[in-house]
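Residue-level listing of the chains:
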Amino acid sequence: KNQVEQSPQSLIILEGKNCTLQCNYTVSPFSNLRWYKQDTGRGPVSLTIMTFSENTKSNGRYTATLDADTKQSSLHITASQLSDSASYICVVSANDYKLSFGAGTTVTVRA
Amino acid sequence: DTAVSQTPKYLVTQMGNDKSIKCEQNLGHDTMYWYKQDSKKFLKIMFSYNNKELIINETVPNRFSPKSPDKAHLNLHINSLELGDSAVYFCASSQVGGSNEKLFFGSGTQLSVL
């Protein structure tokens, strides 16, 4: 079983609306949690990195939250734009520097 | 300027052939990586090099041989290609390889083995 589970697998939203993506993990010990955005045909690009002591971190219209007790994270996209259409990948780092990747949530923003 | 560049973008080849994928980063980073993204979109680490030295080898078949001529380059050579090698291969780099560092990825090489 993968140690990083993301939901939903995919979602479609209208331009201008908000959406929230979920990430649950079992990786232990925990070092940090990252969210990446991967456009089709491109490599992943880092959005946020959060360590154990951080509950929330923003990058423009992207806001990530972390609950290290329940081992859950969310990525909230505010006022979505067409350019937000991409796959969003949750990545958890253990203290041995290994990264565990989720399968990603594919977001499609429609005009 | 592209920070992490890899070539070719697409690679279509027959089973049994030998092929190479090249990667270069101009960020001045010490650590470079190769990742494989399978059809289910999971990214898995294959190798990591720090300043030309191998530091991670995730039980990848020895048909895969990374080579780092200098810390700005990490090439991947694959011998005797198999159907199961079909995937997208991503090169990445980070400053020194610390656990809290941001990874910078290349655009990927889509390998199709026929």
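Coordinates for the structure precede this section.
Residues numbered from 1 in each chain as written. Chains lettered and ligands numbered in written order. Predicted model: local features only at pLDDT ≥ 70, side-chain atom pairs only at ≥ 80, totals over all residues. Heavy atoms only, no water.

Novice: For this particular structure, what's the right way to read the packing of aromatic side chains?
Specialist: Tallied over the entire structure, the rule returns eight aromatic pairs over all chains. Summarising the aromatic geometry, the rings of A:Tyr25 and A:Phe30 are spaced 5.2 Å apart at their centres and angled 25° between planes, so their arrangement reads as stacked. With respect to burial, A:Tyr25 and A:Phe30 carry one shared label: buried. Taking the centre distance of 6.1 Å and the plane angle of 35° together, the rings of B:Tyr33 and B:Tyr35 count as tilted. For B:Tyr33, a relative accessible area of 9% corresponds to the buried category. (Phe/Tyr/Trp six-rings, centres within 6.5 Å; stacked < 30°, edge-to-face > 60°. Buried < 20%, exposed > 50% of the residue type's maximum accessible area, 1.4 Å probe, protein only.)

Novice: Where do I start with the interface of chain A and chain B in this structure?
Specialist: By a widely used convention, the size of an interface equals the accessible area lost when the partners come together. Contacts between the two partners involve 21 residues from chain A, matched on the other side by 19 residues from chain B. Taken together, chain A and chain B are joined by zero salt bridges. Connecting chain A to chain B are six residue pairs in polar contact (both at pLDDT 80 or more). When contributions to the side of chain A that touches chain B are tallied by element, the ones reaching two or more residues are strand 4 (30-38), strand 5 (45-51), strand 9 (86-94) and strand 10 (99-101) of chain A. Per-element accounting of the side of chain A that touches chain B gives the leading share, five residues, to strand 4 of chain A. Each residue belonging to the side of chain A that touches chain B can be placed in one class, and the counts come to eight nonpolar, 10 polar and three charged. (Contact = heavy atoms within 4.5 Å. Salt bridge = Lys/Arg side-chain N within 4 Å of Asp/Glu carboxyl O. Polar contact = N/O pair within 3.5 Å; in protein donor to acceptor, adjacent residues only side chain to side chain. Helix = DSSP H or I, 4+ residues; strand = E, 2+ residues; numbered from the N terminus. Nonpolar A, V, L, I, M, F, W, Y, C, P; charged D, E, K, R; others polar.)

Novice: Before we go on, may I ask you to explain the state of the cysteines in this structure?
Specialist: Here, disulfide denotes a covalent bond that connects the sulfur atoms of two cysteines. According to the stated counting rule, one finds two disulfides over all chains in the structure shown. Note that A:Cys23 is cross-linked by a disulfide to A:Cys90, the S-S spacing being 2.0 Å. As the torsion about the S-S bond is roughly -70°, the A:Cys23-A:Cys90 disulfide counts as left-handed. Of the two residues, A:Cys23 sits in strand 3 (residues 19-25) while A:Cys90 sits in strand 9, which places them 67 residues apart along the sequence. Across a sulfur-sulfur distance of 1.8 Å, B:Cys23 and B:Cys91 are joined as a disulfide pair. Since a negative S-S torsion denotes a left-handed disulfide, the B:Cys23-B:Cys91 link at about -80° is left-handed. Taken as a pair, B:Cys23 in strand 3 (residues 19-25) and B:Cys91 in strand 9 (residues 87-94) lie far apart in primary sequence, 68 residues in all. Note on A:Cys19: no disulfide assigned, nearest cysteine sulfur contributed by A:Cys90 at a separation of 15 Å. On the basis of relative accessible area, A:Cys19 is assigned to the buried category, the value being 7%. (Disulfide = S-S within 2.5 Å.)

Novice: I keep staring at the pairing of strand 8 (residues 73-78) of chain B and nothing clicks. Help me out?
Specialist: The side chains of a regular strand alternate, residue by residue, between the two faces of the sheet. All names here are of chain B. The two faces of strand 8 differ: Leu74, Leu76 and Ile78 on one face are buried, but His73, Asn75 and His77 on the other face are not. Where strand 3 lies against strand 8, four bridges are found, and the strand directions are antiparallel. Directly across from Ser20, in strand 8, lies its bridge partner His77. Looking at chain direction, strand 7 (residues 64-70) and strand 8 are connected through five bridges and run antiparallel. (Pairing = 2+ DSSP bridges.)

Novice: Where do I start with the pattern of salt bridges in this structure?
Specialist: Between side chains of opposite charge, a pair can form as their charged atoms come close. Residue and element names in this part refer to chain B. Under the definition given, this model contains six salt bridges over all chains. Note that Arg63 is salt-bridged to Glu82, the shortest N-O span being 3.4 Å. Here the residue Arg63 occupies a position in the loop between strand 6 (53-57) and strand 7, and Glu82 occupies one in the loop between strand 8 and strand 9, the gap between them amounting to 19 residues. Take Arg63: its relative accessible area is 14%, and that puts it in the buried class. On the basis of relative accessibility, which here comes to 40%, the residue Glu82 falls in the partly exposed class.

Novice: Even after reading the chapter, I still don't get the side chain of A:Ser80, so can you show me in this structure?
Specialist: Residue and element names in this part refer to chain A. Structurally, the position occupied by Ser80 is in the loop between strand 8 (72-77) and strand 9. Looking at Ser80, the relative accessible area reads 2%, which means it is buried. For Ser80, the side chain forms a polar contact with the main-chain oxygen of Leu14, separated by 3.2 Å. Once you skip the residues sitting within four places of it in the chain, Ser80 turns out to touch Ile13, Leu14, Glu15, Gly16, Lys17, Arg61 and Val109.

Novice: Got a minute to help me understand the environment of B:Ser65 in this structure?
Specialist: All names here are of chain B. Here Ser65 shows up in strand 7. C-alpha of Ser65 to C-alpha of Gln6: the two residues are 59 residues apart in sequence and 16 Å apart in space. When residues no more than four places from it in sequence are discounted, the contact partners of Ser65 are Asn75, Leu76 and His77.

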